[in-house]
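# Results of the structural survey
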Amino acid sequence: MSYSSFELLDHSRPVLVFGRNGQVGRALQVCLKDLKVPAVFLGRADCDLTSESSIVKVLNRYQPQVIINAAAYTAVDKAENLGERDHAFAINARAPAVMASYIANVAHGILVHYSTDYVFADTKKDAYFETDPVGPVENLNIYGQSKLAGERAIEEVFNLAHNSGHTSYADKFARYFILRTSWVYGDGGNFIRTILRLAAERDQLKVVADQVGAPTSAQWLAEIGVQMAGSRVESGIYHAVPDGEASWHGLAVFAIETAASCGEGIEVRSENILPIPASDYPVPAKRPYNSRLSSAKLKKALSEMAFTGQYPHWQKQVEAYVKEYVSNSLKS
Ligand SMILES: NC(=O)C1=CN([C@@H]2O[C@H](COP(=O)(O)OP(=O)(O)OC[C@H]3O[C@@H](n4cnc5c(N)ncnc54)[C@H](OP(=O)(O)O)[C@@H]3O)[C@@H](O)[C@H]2O)C=CC1
Ligand SMILES: Cc1cn([C@H]2C[C@H](O)[C@@H](COP(=O)(O)OP(=O)(O)O[C@H]3O[C@@H](C)C(=O)[C@@H](O)[C@H]3O)O2)c(=O)[nH]c1=O
């Protein structure tokens, strides 16, 4: 990947990234810095995404041609609380709509937005394609509903802009990429860090074994987002997950065994990481059993843009992540 892949873009305008302190936001800081792409990173203190006027203000100030939205309300269980729904929808649905409305009217504009496996609710047993129906909405948790509303808002804004746009402008149309992903881990709170902490404190763990998905590296998601932003591929939804699948239990065992193999103080023995059904782990938000996403469309897009990186398998990336995490925690 190189900055020259941004050939259609005006290099004097910085890429605007929302969510600077999140897992993907932090990874984007590393990625864009490595590529020497001028970028501005905004956190909650710089722009509160529940305030439409704050978003409009920063858009007018920076006038970006590329927006990468890595900010989101991601507290899946908290979102189920009374009064939290509006908050989740403001950040996950209305804020991206405001970003889309701005970018859709910028020549060669690009919006990269991240979404989730939680827009699906077990209507299939195998991997979902981008063309598969989402929902049904009433079976999604509030977080999933709000992220789905965000996807739809972006699509609507762009459809409207394209349909009302002058055809002579068609080669300059702005594009959007909604990257649906799952089970993200990076620099921040996530399942792997939680489970490693619990494994150091307890001699027995119970972990859900009947929900299956693909653990996805925030660093890789940042690279894919930047790659898409600099590409000529078509607007749309793309499933961005590595190869392979795991249950939360499978992921816990793999992460704990990897940590133990590099000297991390692990209390729990592998045979005491007990697989349980989700019904034995009561939480406010219902999660899907099937979180498998097919990455065939993304792979095709990457091959068209001659992406040189090897397509990853989740185990290789989790292994590297756990090793780095353990080595940093042993140092500190
Ligand atoms: N985490 C996961 O497992 C998955 C994530 N995704 C999607 O990937 C994307 C990135 O997720 P991830 O990096 O893990 O998320 P994080 O929860 O790590 O980060 C989200 C960021 O959004 C910011 N944010 C939340 N509310 C506001 C607000 N009102 N105004 C401004 N900023 C706000 C947070 O700010 P602050 O730091 O101040 O709280 C935080 O830095 C999101 O779209 C998410 O839905 C998809 C599938 C799985
Ligand atoms: C900590 C823990 C969790 N679990 C289960 C609960 C749940 O079914 C599963 C994951 O729990 P968490 O709360 O860590 O993960 P959760 O917040 O559901 O993670 C989700 O976050 C959002 C943002 C997404 O978009 C999803 O792709 C997904 O990554 O693991 C156990 O079984 N045992 C445990 O000790």
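As a starting point, this report considers the structure included with it. (Residues numbered from 1 in each chain as written. Chains lettered and ligands numbered in written order. Predicted model: local features only at pLDDT ≥ 70, side-chain atom pairs only at ≥ 80, totals over all residues. Heavy atoms only, no water.)

## Concerning the site of ligand 2
Around ligand 2 sit 19 residues, and of these Thr116, Asp117, Tyr118, Gln211 and Arg287 come closest. Thr116 has a polar side-chain atom sitting 2.8 Å from an oxygen atom of ligand 2. Residue Arg287 places a side-chain N or O atom 2.7 Å away from an oxygen atom belonging to ligand 2. In the complex, the protein chains occlude 83% of the 710 Å² of accessible area that ligand 2 would expose alone. Of all elements in the fold, only helix 5 (191–201) and strand 7 (205–208) reach the threshold of two or more residues within the shell around ligand 2. (Near = heavy atom within 4 Å. Polar contact = N/O pair within 3.5 Å; in protein donor to acceptor, adjacent residues only side chain to side chain. Areas by Shrake-Rupley, 256 points an atom, 1.4 Å probe, with all protein chains shown as cover. Helix = DSSP H or I, 4+ residues; strand = E, 2+ residues; numbered from the N terminus.)

## Re unusual backbone geometry
The amide bond that connects Gly135 to the next residue, Pro136, takes the cis arrangement and shows omega of 5°. In the Ramachandran plot, Gln63 falls in the positive-phi region, its phi being about 45° despite a non-glycine side chain. Taking the relative accessible area as the measure of exposure, Gln63 reaches 44% and is therefore partly exposed. A positive phi is found at Asp122, a non-glycine position, where the angle reads about 60°. Structurally, Asp122 can be placed in the loop between strand 4 (110–116) and helix 4 (142–164). We classify Asp122 as partly exposed; its relative accessible area is 30%. (Buried < 20%, exposed > 50% of the residue type's maximum accessible area, 1.4 Å probe, protein only.)

## Digging into the site of ligand 1
Val24, Arg44, Thr74, Tyr143 and Lys147 are the nearest of the 23 residues found near ligand 1. A distance of 2.7 Å is found between an oxygen atom of ligand 1 and a side-chain nitrogen or oxygen belonging to Tyr143. Surface burial for ligand 1 is 83%, taken as the share of its 890 Å² of free accessible area covered by protein chains. When residues of the shell around ligand 1 are traced back to their parent elements, those giving at least two are helix 1 (23–34), strand 4 and helix 4. The leading source of residues in the shell around ligand 1 is strand 4, at three residues. Grouping the amino acids of the shell around ligand 1 by side-chain chemistry returns 11 nonpolar, nine polar and three charged. (Nonpolar A, V, L, I, M, F, W, Y, C, P; charged D, E, K, R; others polar.)

## Some thoughts on the layout of surface pockets
Of the voids in this model, the second largest pocket is the one considered here, and its volume is about 480 Å³. Around the second largest pocket sit 20 residues that line it, and Gly186, Asp187, Gln219, Tyr321 and Glu324 are the ones nearest its centre. Elements represented by at least two residues in the lining of the second largest pocket include exactly helix 1, helix 6 (218–229) and helix 9 (314–331). Per-element tally for the lining of the second largest pocket: the top contributor is helix 9, with seven residues. The residue makeup of the lining of the second largest pocket, split by class, is eight nonpolar, six polar and six charged. (1 Å grid on protein atoms, 1.4 Å probe; cavity = no way out; pocket = protein on both sides within 12 Å on 5 of 7 lines; lining within 4 Å. Points joined across faces, edges and corners; volume = space filled by probe spheres on them.)

## Brief notes about helix 1
When the terminal C-alpha atoms of helix 1 are compared, their 17 Å separation across 12 residues agrees well with the 16 Å that a helix rising 1.5 Å per residue should span. Those residues of helix 1 that sit buried are Gln23, Val24, Gly25, Ala27, Leu28, Cys31 and Leu32. Following helix 1 by one or two positions, Lys36 adopts a phi angle in the positive range, close to 55°. (Expected span 1.5 Å × (residues − 1).)

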